[in-house]
Amino acid sequence: MPVVNATIAIEGIPAAQTATGFSGSYQTGVTTSGSYTVTISAPGYLPVTYTISLANGEMTTLNATLESLPQFNFTGMVVDAETGTPVVNAQVVLISNDITLNTATDAGGQFFVNNMFAADYNVMAGKWGYITQQTGSQFVSPETGDLVIQLPQGYYDDFVFDFGWTVESDAAAGRWERGEPNGTTYDIGYMNPDFDVEGDIGDQCFVTGNTPDAGVGADDVDDGYTRLTSPQFDLSGYTDPQVSYYRWFANAGGFSNPNDDFIISLSNGANTVVLEDLTAASFANNWTQTLIRVSDYLTPTANMHLIAETADAPGSGHLVEAAFDQFEVSELADPIGISSPNAAASVQLAISPNPFKGQTTVTVSGLVNNAGTQNAVLRITNLQGKTLLTLPVPANTGTFTLQQGSLSAGLYFCQLQQNNQTLAWGKMVV
């Protein structure tokens, strides 16, 4: 059978690289005769390399047969990190350098991928009402065994998955759409972003119009509105919820002074309030985080929605671009999430801010004899229990800075240990 989209690369001649079509055929060339090394590769196949002679004015035929890599069936499970119960209809994606595989969990929380081949994959899982998790690059083969991914409860969306945000629009162009953003520029700089928020999972966000390789005015919001609404989220069980998100807004050009808005609102089912109203005078054509204490605006309920809307006045010709990324809900009343295994213990562990990005401050108090060879340490593990960091607690102050470093966005467990005993433990969100 023909191998479609196989890559043909001539060593040292990047411009000669090409790919096979639906019939498995290809054609390429060089300007100078001589001996060349040609590598032919395709996802799921072993690459082959040839040394050939090419001469000016002559057509050389090079046919290749690719050997398929061994295939196997892979299974895994997605469970609730707090209860251990299966998470039904969770979305799962496995990404390697060559291929992306999508699947979902069944009624037992299991997912199945048939006819895949061994490679390094980043496995990501998520569902609305949970915090998306990723394994990071790891080699997956028939010997890997079943993979279990634990999802913490909560609301988080960096748009690596489609969790059902809805779009309403009457604009002629520039409707909200989810994808990897394609940047456009104007004299103020970027109008449409060329990248999503740094540090979140994946490379996707919501943007207003996203035509590849388009000019600045080709797919911005034109002659109408476009509205993005989140799925319903339940804040009735939170003590003091905080909503955070990143937004982008650019407004310029046109036949008159730019006068468009980007309005972000919050609804509890009974009332809707404006959180931000960005105008041409206050826009920020960069990713900017906003944190909102919900109770400062309205009463948290079980029927919450976040709404992001922008519009272009008909006939104005203004350039209007907006983007939205990394929505999440956190608890302000207990942001630390650290407890002691002994209710009577005097040891206190504080991590603030938590959640955090970049760095946070760790403070330990109440330690006895935190000196010598038995200094206390803070151990950071992932959801599978693998130790990622072990940090000594300073004997003099008990306070130090924890850098995010190689920790990707997600949930981690913390253990404060001394003399081989756990004095306090809890959760940390990056």
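*Asks:* Looking at this structure, how should I read the overall build of the protein?
*Replies:* Across its full length, the protein holds zero helices and 34 strands. If you line up the protein on its principal axes, its C-alpha atoms span 85 × 65 × 45 Å. For the protein, the proportion of its 430 residues judged to be buried stands at 43%. For the protein, the share of sequence-separated contacts (at least 6 apart) that also reach a separation of at least 24 residues comes to 64%. Surface accessibility of the protein: about 20,400 Å² in total, with carbon and sulfur atoms responsible for 48%. Distance between charge centres in the protein, computed from 10 positive and 42 negative side chains, equals 11 Å.

*Asks:* Would you mind showing me how to read the sheet that holds strand S32 (residues 399–403) here?
*Replies:* Two modes of strand pairing occur in sheets, parallel and antiparallel, and in both the strands are linked by backbone hydrogen bonds. Taken in spatial order, the three strands of this open sheet run S28-S29-S32, and their pairing is antiparallel. Every interior strand has two partners, whereas the edge strands, strand S28 (348–352) and S32, have only one. If you compare each strand with its neighbour and ignore which way they point, the axes differ by 25° on average. Bridge count for strand S29 (residues 359–365) against S32 is five bridges, and the pairing is antiparallel. Note on S32: the bridge partner recorded for Thr360 is Leu402.

*Asks:* What's the story with the sheet that holds strand S12 (residues 133–140) in this structure? I'm lost.
*Replies:* Spatially, four strands are ordered S9-S8-S11-S12 in an open sheet, and the strand pairing comes out antiparallel. Looking at strand neighbours, the two that pair on one side only are strand S9 (100–104) and S12, the edges of this open sheet. The sheet shows a mean angle of 20° between the axes of neighbouring strands, taken without regard to direction. Inspection of the sheet shows strand S8 (residues 91–95) paired to S9 by five bridges, in the antiparallel sense. Within S9, the residue paired with Gln91 across the bridge is Ala104.

*Asks:* How should the environment of Glu180 be read in this particular structure?
*Replies:* Mapping Glu180 onto the fold places it in the loop between strand S16 (176–179) and strand S17 (185–186). Glu180 sits 31 residues away from Thr211 along the chain, and the two C-alpha atoms are 11 Å apart. Excluding residues that lie within four positions of it along the chain, Glu180 makes contacts with Asp203, Gln204 and Asn210.

*Asks:* I keep staring at the packing of aromatic side chains and nothing clicks. Help me out?
*Replies:* For any pair of aromatic rings, geometry is given as the distance between the ring centres together with the angle between the planes. Applying the stated criterion to the full structure yields 21 aromatic pairs. Here a set of aromatic residues connected by ring pairs shows up, and it is made of Trp128, Tyr155, Phe159, Phe161, Phe163, Trp165, Phe206, Phe233, Tyr245, Phe324 and Phe327.

*Asks:* Can you help me understand the pattern of salt bridges in this one?
*Replies:* Per the stated rule, a full pass over the model turns up four salt bridges. A salt bridge links Arg227 to Glu168; the shortest N-O distance between them is 3.4 Å. With Arg227 in strand S20 (residues 224–229) and Glu168 in strand S15 (residues 166–169), this residue pair connects regions lying 59 residues apart in the sequence. The exposure class of Arg227 is partly exposed, given its relative accessible area of 21%. With a relative accessible area of 37%, Glu168 lands in the partly exposed category. Its salt-bridge partner being Arg293, residue Asp240 comes within 2.7 Å of it at the nearest N-O pair. Taken together, the residues Asp240 in the loop between S20 and strand S21 (241–252) and Arg293 in strand S24 (residues 288–293) connect sequence positions 53 residues apart.

*Asks:* What should I look at first to understand empty space enclosed by the protein in this one?
*Replies:* For the coordinates displayed, the defined rule picks out one cavity of 30 Å³ or more. If you add up the space inside the largest cavity, you get close to 50 Å³. What lines the largest cavity is Asn182, Thr184, Asn192, Gly209, Asn210, Thr211, Ala214, Gly215, Val216, Asp219, Asp220 and Glu321. Partitioned by chemical class, the residues of the lining of the largest cavity number two nonpolar, seven polar and three charged.

*Asks:* Looking at this model, I keep getting lost on the nonpolar core. Mind explaining?
*Replies:* Generally speaking, nonpolar side chains in soluble globular proteins are found buried as a group. In terms of nonpolar packing, the biggest core is built from 36 residues, with Phe233, Leu306, Phe324 and Phe327 touching the most fellow members. The set of elements that each furnish at least two residues to this core consists of S21, strand S22 (262–267), strand S23 (272–278), strand S25 (305–312) and strand S26 (319–331). Ranked by residue count, the leading element in this core is S26, at five residues.

*Asks:* Which parts of the structure should I look at to understand unusual backbone geometry?
*Replies:* Both trends apply: most residues other than glycine have a negative phi, and most peptide bonds are in trans. In this model, Ser352 is joined to Pro353 through a cis peptide bond whose omega is 0°. The peptide bond linking Asn354 to Pro355 adopts the cis configuration, its omega dihedral lying at 15°. Summarising the element assignment, Pro355 is placed in the loop between S28 and S29. Phi is positive for Asp223, which is not a glycine, with a value near 55°. Within the secondary structure layout, Asp223 lies in the loop between strand S19 (205–208) and S20. Look at Asp223 and you get partly exposed, because its relative accessible area is 39%. Phi is positive for Gln326, which is not a glycine, with a value near 45°. Here Gln326 shows up in strand S26.

Each value, and the rule that gives it
- Residues numbered from 1 in each chain as written.
- Predicted model: local features only at pLDDT ≥ 70, side-chain atom pairs only at ≥ 80, totals over all residues.
- Heavy atoms only, no water.
- Helix = DSSP H or I, 4+ residues; strand = E, 2+ residues; numbered from the N terminus.
- Buried < 20%, exposed > 50% of the residue type's maximum accessible area, 1.4 Å probe, protein only.
- Contact = heavy atoms within 4.5 Å.
- Areas by Shrake-Rupley, 256 points an atom, 1.4 Å probe, with all protein chains shown as cover.
- Lys, Arg positive; Asp, Glu negative; His and termini not counted.
- Charge placed at Lys NZ, Arg CZ, Asp CG, Glu CD.
- Pairing = 2+ DSSP bridges.
- Axes fitted to C-alpha atoms, helices over the stretch in contact; angles between N-to-C directions.
- Phe/Tyr/Trp six-rings, centres within 6.5 Å; stacked < 30°, edge-to-face > 60°.
- Salt bridge = Lys/Arg side-chain N within 4 Å of Asp/Glu carboxyl O.
- 1 Å grid on protein atoms, 1.4 Å probe; cavity = no way out; pocket = protein on both sides within 12 Å on 5 of 7 lines; lining within 4 Å.
- Points joined across faces, edges and corners; volume = space filled by probe spheres on them.
- Nonpolar A, V, L, I, M, F, W, Y, C, P; charged D, E, K, R; others polar.
- Core = buried A, V, L, I, M, F, W, Y, C linked by side-chain atoms within 4.5 Å.

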